[in-house]
Amino acid sequence: MGLKYSRRFLALVFIVVFANFHGLNYAEKAPKYSFIQEATSAPEVSFYDYIVIGGGTAGCPLAATLSTRDAKVLVLERGGSPYTNTTKIRMENFISTLTDDSPNSISQSFISEDRVPGNRARVLGGGTVINGGFYSRAETLFLKEAGIDEALANESYEWVEKKIVYKPRAFQWQTAVRNGLLEVGVLPDNGFTFAHLNGTKTSGTLFDKNGNRHTAADLLEYANPTMIKVYLHAVVHKITFTTKDGQRPKADGVIFYDANGGRHIAYSKHESNNRSEIILSAGAIGSPQLLMLSGIGPAARLRSLGIKVVLDQPMVGREMADKPSNGLLIPYPTHIPLSLITVVGINKISNYFESFNGFDLSDLSGSGGAQPQSSNPSQEALANSTTNQAFLVQTIFGPISKGYLELQNTNVSDNPKLRFNYFQAAVDLRRCVSGMQTIINVVNSDSLSRFRFRNMTTQDLINMTVNRAANLRPRNPNATTSLEQYCIDTVMTFWHYHGGCQIRKVVDRDYKVLGLDQLRVIDASTFSFSPGTNPQATILMLGRSMGRRILQSRRR
Ligand code: FAD
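Rules used throughout
- Residues numbered from 1 in each chain as written.
- Predicted model: local features only at pLDDT ≥ 70, side-chain atom pairs only at ≥ 80, totals over all residues.
- Heavy atoms only, no water.
- UniProt positions renumbered as here; feature names shortened; annotations may be inferred.
- Near = heavy atom within 4 Å.
- Polar contact = N/O pair within 3.5 Å; in protein donor to acceptor, adjacent residues only side chain to side chain.
- Areas by Shrake-Rupley, 256 points an atom, 1.4 Å probe, with all protein chains shown as cover.
- 1 Å grid on protein atoms, 1.4 Å probe; cavity = no way out; pocket = protein on both sides within 12 Å on 5 of 7 lines; lining within 4 Å.
- Sits in = over half its atoms within 2 Å of the grid points.
- Helix = DSSP H or I, 4+ residues; strand = E, 2+ residues; numbered from the N terminus.
- pLDDT = per-residue confidence, 0-100.
- Contact = heavy atoms within 4.5 Å.
- Pairing = 2+ DSSP bridges.
- Axes fitted to C-alpha atoms, helices over the stretch in contact; angles between N-to-C directions.
- Buried < 20%, exposed > 50% of the residue type's maximum accessible area, 1.4 Å probe, protein only.

- In the nomenclature of an unreviewed UniProt entry, the protein corresponds to Glucose-methanol-choline oxidoreductase N-terminal domain-containing protein from the organism Gossypium darwinii.
- According to its UniProt record, the protein has this under Sequence similarities (unreviewed entry): "Belongs to the GMC oxidoreductase family."
- UniProt annotates the protein under Cofactor (unreviewed entry) with the comment "FAD".

As structure tokens, this is what we get:
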């Protein structure tokens with residue numbers, strides 16, 4: 001008996017050592033999690049202490065943290081597993097995943113009223129499964145705004161970083177951009193750091209050295225497997241409320257449907273335990289949409305769609321924003337390895353400069369690949385390969401311009417109507433113009449000169465980008481001569497949507513929905529500006545931090 005156990009023990013030690021030595025990652029272990037199941041296996045009625053709607057960037061770290069104590073946690077995710085096809089989510093498939101429009105795609109595309117196409121995740125792990133992977137922490141201003149203690153934030157960042165964040169390898173193109181930014185004065189050189197600092201730096205990535213992606217779903221490895229259940233293809237249609245004797249409405253349950261159309265209801269157990277909660281982490285588009293579908297929103301609009309009003313809350317869906325991105329396409333004559341963002345420049349007026357290369361952007365235009373006619377066919381012909389090109393892009397702090405989200409119908413799987421009003425605020429446009437001037441300087445720097453076609457001028461690149469920018473906006477004749485018009489006409493998304501359930505307007509500083517009990521919103525919809533150069537680090541940190549805060553208040 002003893003011998004049998006010690007052999008087993010040795011075998012286990014060998015497997016662990018072998019796995020670590022060979023860099024086998026958590027993603028390879030995670031599909032075996034017994035607690036991740038198809039929603040078709042869910043009971044018709046169930047009870048949990050915490051119900052997290054949306055297993056995304058915030059939802060996964062939040063649920064993993066909550067499940068480590070004496071609380072039973074349910075995660076309902078409308079998409080499938082990121083582990084079923086790990087090739088699809090490798091770095092080289094970044095664009096092809098976004099252009100997959102099939103019903104089971106892990107990316108749901110939409111076109112905003114601004115005529116700019118965008119994408120939202122539909123998969124366990126959320127945006128971290130389809131995004132560019134670039135990882136950079138927020139400025140400290142954000143922590144003050146969001147009411148998060150700095151020590152807790154730092155501990156939470158590290159908790160995430162230990163598991164899914166990598167120091168990137170030195171890509172040829174990223175090194176050239178880094179040197180170009182330094183050459184034109186985006187200083188100092190901050191080396192490798194996750195911190196948000198003025199200057200140029202290399203930061204983290206979700207891709208390991210083999211190009212495999214690690215995601216928020218991997219953070220579920222921190223969960224207590226006996227205290228958590230994750231249902232996939234569980235589309236939440238509605239949060240239910242009890243409203244007794246003139247008291248504030250209390251969230252008490254969630255209605256969801258499985259892949260076969262089966263209806264289920266999960267209740268939070270707050271009748272017996274006043275600390276149970278429902279937490280909405282369905283993302284900047286999903287969370288305001290689901291609040292409205294559940295009767296929390298602008299009353300007149302909800303009534304016009306036949307939705308019973310639980311709370312008239314006009315700020316749900318207001319102040320939606322997206323960071324505008326503008327840049328230059330740079331075709332190069334010889335093949336170089338593709339790269340996603342690993343370098344960022346931050347200047348004093350908070351323009352953020354980033355780049356990627358080796359991808360064909362034209363498929364993202366929302367026009368089914370059709371591009372406007374070139375104004376300069378001979379130069380277009382120079383750029384004969386659509387993947388022998390880089391995109392050097394700048395985006396801005398904020399933004400100050402805000403838009404809105406409105407329901408178009410009561411189908412939760414349809415996109416709501418979205419408008420971001422890019423550049424409505426003059427300061428956003430001024431920042432864009434200034435950022436474009438820096439981009440032009442970087443393109444003309446010595447560091448980038450060996451990647452340029454010799455006879456192709458910056459004006460040629462401007463003309464080409466006006467033709468190829470991935471949007472459906474009309475092109476004004478002076479878009480190639482005025483940088484203001486260039487910014488307006490070539491604006492694309494950087495996919496950093498936020499707002500719709502902002503702090504102080506829809507939720508309080510504990511992320512509890514104002515005017516209701518037992519319901520919080522924890523995700524990018526609560527932001528009044530997009531944190532850092534890129535938000536995922538902050539959203540992952542927020543999930544972990546809020547999980548810890550909720551557990552603390554449970555123990556009180
Ligand atoms: P999500 O991560 O989107 O989570 C929401 C989850 O809720 C999803 O899994 C969704 O399927 C689920 N859900 C929604 N509705 C329902 C429902 N009714 N029922 C059940 N489940 C539901 N950020 C960076 O920092 N670096 C980058 O390089 C970067 N690149 C990006 C590239 C792309 C193409 C995209 C789309 C985003 C990128 N971002 C990047 C932004 C970042 O990924 C997002 O801001 C972040 O992932 C949003 O997190 P979230 O938790 O708010 O929402």
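Still more ground to cover, so stick around.
Description of the site of the ligand
Line of reasoning, step 1. Taken together, 35 residues sit near the ligand, with T57, E77, G127, F134 and Q536 positioned nearest.
Line of reasoning, step 2. Note that an oxygen atom of the ligand is positioned 3.1 Å from one of the backbone N or O atoms of A524.
Line of reasoning, step 3. Contact distances for the ligand include 3.3 Å between an oxygen atom and a backbone N or O atom of P535.
Line of reasoning, step 4. Coverage of the ligand by the protein chains reaches 95% of its 1000 Å² of free accessible surface.
Line of reasoning, step 5. For the ligand, the cavity whose grid points lie within 2 Å of the majority of its atoms is the largest cavity.
Line of reasoning, step 6. For the shell around the ligand, the secondary structure elements donating two or more residues are β6 (117-121), α5 (127-130), β12 (235-242), α9 (283-293) and α16 (536-555).

So, the confidence of the model for the protein
Line of reasoning, step 1. Here the protein shows a mean pLDDT of 90. Residues at 70 or above account for 89%.
Line of reasoning, step 2. Predicted confidence for residues 1-29 stays below pLDDT 50, and this span has 9 contacts to residues more than four positions away or in other chains.
Line of reasoning, step 3. Below pLDDT 50 for its whole length, residues 369-378 participates in 14 contacts with residues either more than four positions away or in separate chains.

A word on the sheet that holds strand β20 (residues 343-346)
Line of reasoning, step 1. Taken together, 7 strands build an open sheet; the order of strands is β8-β9-β20-β21-β22-β19-β25 and the sheet is mixed. The open sheet has two edge strands with one neighbour each: β8 (189-192) and β25 (492-493).
Line of reasoning, step 2. The pairing of strand β19 (residues 324-331) with β25 spans 2 bridges and is antiparallel. Its bridge partner being in β25, S325 is matched across the sheet by M492.
Line of reasoning, step 3. Along the sheet, helix α8 (residues 172-183) makes contact with β8, β9 (199-202), β19, β20, β21 (351-357) and β22 (389-396), crossing β21 at roughly 150°.
Line of reasoning, step 4. The sheet strands contacting helix α14 (residues 458-468) are β19 and β22, and the helix crosses β19 at an angle near 120°.

Some thoughts on the environment of G191
Line of reasoning, step 1. With respect to the element layout, G191 can be found in strand β8.
Line of reasoning, step 2. Residue classification places G191 among the partly exposed residues on the basis of a relative accessible area of 28%.
Line of reasoning, step 3. For G191 and K201, which are 10 residues apart along the polypeptide, the C-alpha to C-alpha distance reads 5.1 Å.
Line of reasoning, step 4. If we ignore the near neighbours within four places in the chain, the residues touching G191 are T200, K201 and T202.

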